[in-house]
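Report on the structure
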Amino acid sequence: MTVPAISPATSRSEWERLWLELTRRCQLACRHCYNASGPHRLAGTMTSADWHRVIDQAADLGVRELCVIGGEPTLYPGLATLINRAVGAGIGVEVYSNLVHISDDLWRVLAQDGVRLATSWYSDDQQQHIAITGRPTWRQTRANIDRALELGVPLRVGIVRVLDGQRIDQARAQLRHMGVATVSVDRTRRIGRAAEAGVGPLGELCGRCGDGRAAIGPDGEVWLCTMARTISAGNVRARDLADVLSGQAWRELRTTLPHRNTDAVECKPNGDSNDCAPAEKQSCDPSFCNPDD
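Just so we're clear, the structure is a prediction, and the values are computed from it rather than from any experiment.

Turning our attention to the nonpolar core. In globular proteins that are soluble, nonpolar side chains generally tend to be buried together. Membership of the largest hydrophobic core comes to 73 residues, with the highest contact counts inside it found for Leu18, Leu20, Leu66, Leu110, Leu117, Leu175 and Ile216. Per-element accounting of this core gives the leading share, six residues, to helix H1 (residues 48–61). The residues touching Leu66, leaving out its near neighbours within four places in the chain, are Leu18, Leu20, Ile55, Ala58, Ala86, Ile91, Gly92, Val93 and Glu94. Core analysis: the next-biggest nonpolar cluster, separate from the first, contains eight residues, Cys26, Leu28, Val100 and Tyr122 among them.

Attention shifts here to the pairing of strand E7 (residues 213–216). Residues Arg213 and Ala215 line one face of E7 and the alternating positions Ala214 and Ile216 line the opposite face, and both faces are buried. Where strand E1 (residues 17–21) meets E7, four bridges bridge the pair, whose relative direction is parallel. Bridging from a neighbouring strand, Trp19 pairs with Ala215 of E7. Connecting the antiparallel pair E7 and strand E8 (residues 222–223) is a turn made up of five residues, with Gly220 showing a positive phi of about 95°.

Another aspect to go through is helix H8 (residues 248–256). Among the residues of H8, Trp250, Leu253 and Arg254 are the ones counted as buried. End-on view of H8: buried residues confined to an arc of 105°, all on one side of the axis. Exposed residues lying more than 90 degrees from the buried face of H8 are Thr255 and Thr256. Check the buried side of H8 and you find it contacts E7, E8 and helix H7 (241–245).

Time to look at the packing of H1 against helix H2 (residues 79–88). Their axes nearest at 10 Å, the elements H1 and H2 cross at an angle of 15°. Relative to H2, the element H1 is oriented roughly parallel. Every pair of crossing elements has a handedness; the one defined by H1 and H2 is right-handed. Counting all contacts with H1, which are made through Trp51, His52, Ile55 and Asp56, the residues of H2 involved are Thr81, Leu82, Arg85 and Ala86.

Scanning all chains against the criterion turns up 15 salt bridges. Taking the shortest distance from any N to any O, the salt bridge between Arg116 and Glu94 comes out at 3.0 Å. Here Arg116 is found in strand E4 (residues 115–120), whereas its partner Glu94 is found in strand E3 (residues 92–96), with 22 residues between them in sequence. In this structure Arg116 comes out as partly exposed when scored by relative accessible area, which is 24%. Judged by relative accessible area, Glu94 falls into the buried class, the value being 0%. Notably, a salt bridge pairs Arg172 with Asp169, separated by 3.0 Å at the nearest N-O pair. A residue pair is termed a helical-turn pair when its members lie 3 or 4 positions apart in one helix, as Arg172 and Asp169 do in helix H6 (residues 168–178) at three residues. On the basis of relative accessible area, Arg172 is assigned to the buried category, the value being 8%.

What counts, and at which threshold
Residues numbered from 1 in each chain as written. Predicted model: local features only at pLDDT ≥ 70, side-chain atom pairs only at ≥ 80, totals over all residues. Heavy atoms only, no water. Core = buried A, V, L, I, M, F, W, Y, C linked by side-chain atoms within 4.5 Å. Buried < 20%, exposed > 50% of the residue type's maximum accessible area, 1.4 Å probe, protein only. Helix = DSSP H or I, 4+ residues; strand = E, 2+ residues; numbered from the N terminus. Contact = heavy atoms within 4.5 Å. Pairing = 2+ DSSP bridges. Arc of directions from axis to C-beta. Axes fitted to C-alpha atoms, helices over the stretch in contact; angles between N-to-C directions. Parallel < 35°, antiparallel > 145°, perpendicular 65-115°, else oblique. Left-handed = near helix turned anticlockwise from the far one by under 90°. Salt bridge = Lys/Arg side-chain N within 4 Å of Asp/Glu carboxyl O.

Treat this as a map of the structure, not an account of what it does.
What follows is the structure, encoded as structure tokens:
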């Protein structure tokens, strides 16, 4: 197994993406949420200074993209400043939001070059949406999808199969009609609120976690992936990011994961603000299905 080399003092690495899980709080209470986020969850212990230090260290490592997630990242009060800092450091940013509420000030930040949006959409039927998210926010999310398209903010939308009889095809057609170019479909991952008895969280992973990617939780724990949140390689509040990613714990964790989908071109279980991460192109599970491909 090849682990990206890190020599902060002399060279840049091949780190493609770093997920920043800013908070566990979310307006929604989705039944399949991989981190069980919701309105009553605590935000986390990472401060603005901690996150800014991580961004600077990520830039030093040559990280190409930050995927800002939660919980709901728009509930984090320092989101705009964090995005601007990353863009200023030459790092692309994707904000994965439920798009329930975006302020005018935040829209201006999201509309700048180097920033993308991602969100989840479950059905063209409002009652199915409520059954999945636990909140009547269908109209708000749809309106903000329209707003993103009007402003020209790059947007991708993921649909997660949660319910029997869920109107997946109709939801995809609705998004296409609205003008969304990138739509993908994924299954529910049995992690967090969607966990099932007898199914261990590591069994839901593809085994390519940590392959040019890492995730940082709201308390500073460093994970191989947002889905691999039960195992930590260290904490960025105690150690520099480069030290964690080049440490013995990281290397050992990489070797413990089962490998199941070795033929996948890329594994992108893109961390989601309120659900279990619809895949972007190739899923980290063979059961991924994108009828548009």
